[in-house]
Amino acid sequence: MTCTEFLALLDDLLDGSVTAETRAELQAHLGRCGHCEVILNTTRKTIEIYRSHELYDLPPGLHDRLHAAIMNRCRKC
Amino acid sequence: MANIQPIEGEFEPHPDVALVDRVRGGDVLAFDTLVRKYERQIFRIAQHITQNREDAEDVMQDAFLKAYEKLGQFQGNSKFYTWLVRIAVNESLMRLRKRRTGKMVSIDEDIETEEGSVPRDLADWAPDPEQNYNQAELAEILRKTIQGLPQGFRIVFVLRDVEGLSTEETAETLGLSIPAVKSRLLRARLQLRERLSRYFRRKKGFIETGVEK
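Rules and cut-offs
Residues numbered from 1 in each chain as written. Chains lettered and ligands numbered in written order. Predicted model: local features only at pLDDT ≥ 70, side-chain atom pairs only at ≥ 80, totals over all residues. Helix = DSSP H or I, 4+ residues; strand = E, 2+ residues; numbered from the N terminus. Rg over C-alpha atoms; globule rule 2.2 N^0.38 Å. Buried ≥ 20, exposed ≤ 12 C-beta atoms within 10 Å, placed from the backbone. Contact = placed C-beta atoms within 7 Å. Axes fitted to C-alpha atoms, helices over the stretch in contact; angles between N-to-C directions. Parallel < 35°, antiparallel > 145°, perpendicular 65-115°, else oblique. Nonpolar A, V, L, I, M, F, W, Y, C, P; charged D, E, K, R; others polar. Core = buried A, V, L, I, M, F, W, Y, C linked by C-beta atoms within 7 Å. Domains from an automatic or database assignment. Expected span 1.5 Å × (residues − 1). pLDDT = per-residue confidence, 0-100.

What follows covers the overall build of chain A. Of the regular secondary structure elements, chain A holds 5 helices and 0 strands. Relative to the compact-globule value of 11 Å for 77 residues, chain A shows a C-alpha radius of gyration of 23 Å, a clear excess of over 25%. Considered along the principal axes of its C-alpha atoms, chain A spans approximately 65 × 25 × 15 Å. Residues counted as buried form 14% of the 77 residues belonging to chain A.

Structure (C-alpha cells):
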C-alpha cells in the first residue's frame, strides 16, 4: 500500500468503516510509514478537539425570546 | 403464511416522534422540549455558517418558528433533528445572501482549492497540545482555524464531525451525493489538521516527559 492509497482510506479508517482485511493492510502500512502514522493521529486529534470544545455558547436570553415568539405564534394558530 | 415479526427494538421509534405527535395535537410545551433539546446545536450550526452572532440568533429563531409552523409537512421519513438542521442550513445561507446584497451563496463556495489534499506538515503534535493554551486562547485558535475553511468544507465538517450527523444524513441535509460528502469531509479534516499543526506541533527539544531541554 502506498501513502496515497492510505490517505484515500483515511476517513473510512477514522470512521471505523473498513473491513478487517483492509484494516490489516492499513496497519501494515502504518508499521513502516511514520508520516502516515502522524497524519492519522493528528487528524484523529483534530476531530476530537473540535468535538470536545463548544466554540459558541447559546447567548443568554435567546431561549426566552424564542419561547415568547413561539407562544405568540401559537395564540394566533 | 410466513409470520413477519420485527426484531425487537429494530423499529423502536425515535423519542422525538412522540414529541412531534404531541405538538401536532396542539401541545406547544412539547415543542419547547424539542427546542431545549436542539437549540444549542442549531445555534452553533448557524454561527458556523453565518460567522455572525446576530445572524445566528435570528437564524435559530426563524428555523424553530418555521419548523413549528411547517410541522404538518414533516413526513417522518427523516429524523426531526435532521429536518430541523436542513431548515437551519437554508435559513443561514439565505441570511448570508442578504448580507452580501443578493450575491449567490452556496455550499459549493470556494471548494476548488487543492489546499490540504496532500498533507505537507508532517511534524507530530505535542502529547496534549491543548495544555499549552488556556481555554480562551484555545477556543480562539479553534474558531479562527475553522472559520478559514472554505464554506463547502466547513458545513460538512460541522454537521458530520461536530454535530454527529451520519454521512447519509449530511448528504440529505445539504442536497449532496454521498461521495461528495466523503470527499469534502476528508479535505476539511486534512486542512484543519494542517492549520492546527502550526499551533500544536511538538516543539524542538521537547521530550516525552513533557519537559523542554
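The subject of this paragraph is the overall build of chain B. Of regular secondary structure, chain B possesses 8 helices and 0 strands. Listed N to C, the secondary structure of chain B is α-α-α-α-α-α-α-α in terms of helices and strands. Taken across its 213 residues, chain B has 38% of its residues classed as buried. A sequence separation of at least 24 residues applies to 69% of the contacts in chain B between residues at least 6 apart.

Looking now at the packing of helix 4 (residues 34-52) of chain A against helix 8 (residues 178-200) of chain B. Axis separation between helix 4 of chain A and helix 8 of chain B bottoms out at 9 Å; the angle between their running directions is 95°. On the basis of the axis angle, helix 4 of chain A is roughly perpendicular to helix 8 of chain B. Residues Thr42(A), Thr43(A), Thr46(A) and Ile47(A) of helix 4 of chain A lie in contact with helix 8 of chain B, whose contacting residues are Arg189(B), Leu190(B), Leu192(B), Arg193(B), Leu196(B) and Ser197(B). A class-by-class count of the residues in the contact of helix 4 of chain A with helix 8 of chain B yields 4 nonpolar, 4 polar and 2 charged.

Time to look at the nonpolar core. In this structure, Ile42(B), Ala46(B), Met60(B), Ala63(B), Leu84(B), Ala88(B) and Phe157(B) are the most contacted members of the largest nonpolar core, which totals 49 residues. A domain-level breakdown of this core finds at least three residues from each of domain 1 (15-99) and domain 2 (129-200) of chain B. Beyond its immediate stretch of four places on either side in the chain, Met60(B) contacts Leu62(A), Leu66(A), Glu39(B), Ile42(B), Phe43(B) and Ala46(B). By size, the runner-up hydrophobic cluster in this structure holds 5 residues, among which are Leu26(A), Cys36(A), Val38(A) and Ile39(A).

To continue, consider the interface of chain B and chain A. Often, the extent of an interface is quoted as the loss of accessible area on bringing the components together. Chain B puts 36 residues into the contact, and the matching count from chain A is 28 residues. Of all the elements in the fold, those that place two or more residues in the side of chain B that touches chain A are helix 2 (28-50), helix 3 (53-69), helix 5 (135-147), helix 6 (151-162) and helix 8 of chain B.

One can find Cys33(A) in the loop between helix 3 (20-32) and helix 4. Put simply, Cys33(A) and Cys3(A) are 30 residues apart on the chain and 8.1 Å apart in space, counted from C-alpha to C-alpha.

A word on helix 3 of chain A. Between the first and last C-alpha of helix 3 of chain A there are 19 Å, a value that for 13 residues agrees with the 18 Å anticipated at 1.5 Å per step. Burial within helix 3 of chain A is sparse, with just 1 of its 13 residues counted as buried.

It is worth spelling out the domain arrangement of chain B at this point. All names here are of chain B. Once the domains are mapped, chain B shows domain 1 (15-99) and domain 2 (129-200). With centres defined by C-alpha atoms, the gap from domain 1 to domain 2 works out at 22 Å. Facing 10 residues of domain 1, the contacting portion of domain 2 comprises 11 residues. Breaking the side of domain 1 that touches domain 2 down by element, the ones donating at least two residues are helix 2 and helix 4 (80-99). A class-by-class count of the residues in the side of domain 1 that touches domain 2 yields 4 nonpolar, 5 polar and 1 charged.

Let us now look at the confidence of the model for chain B. Residues and elements named next belong to chain B. Across chain B, the average pLDDT comes to 85, with 82% of residues at or above 70. Mean pLDDT across the elements of chain B bottoms out in helix 1 (residues 15-24) (91) and peaks in helix 3 (96). This prediction of the complex comes with two scores: 0.86 for pTM and 0.90 for ipTM.

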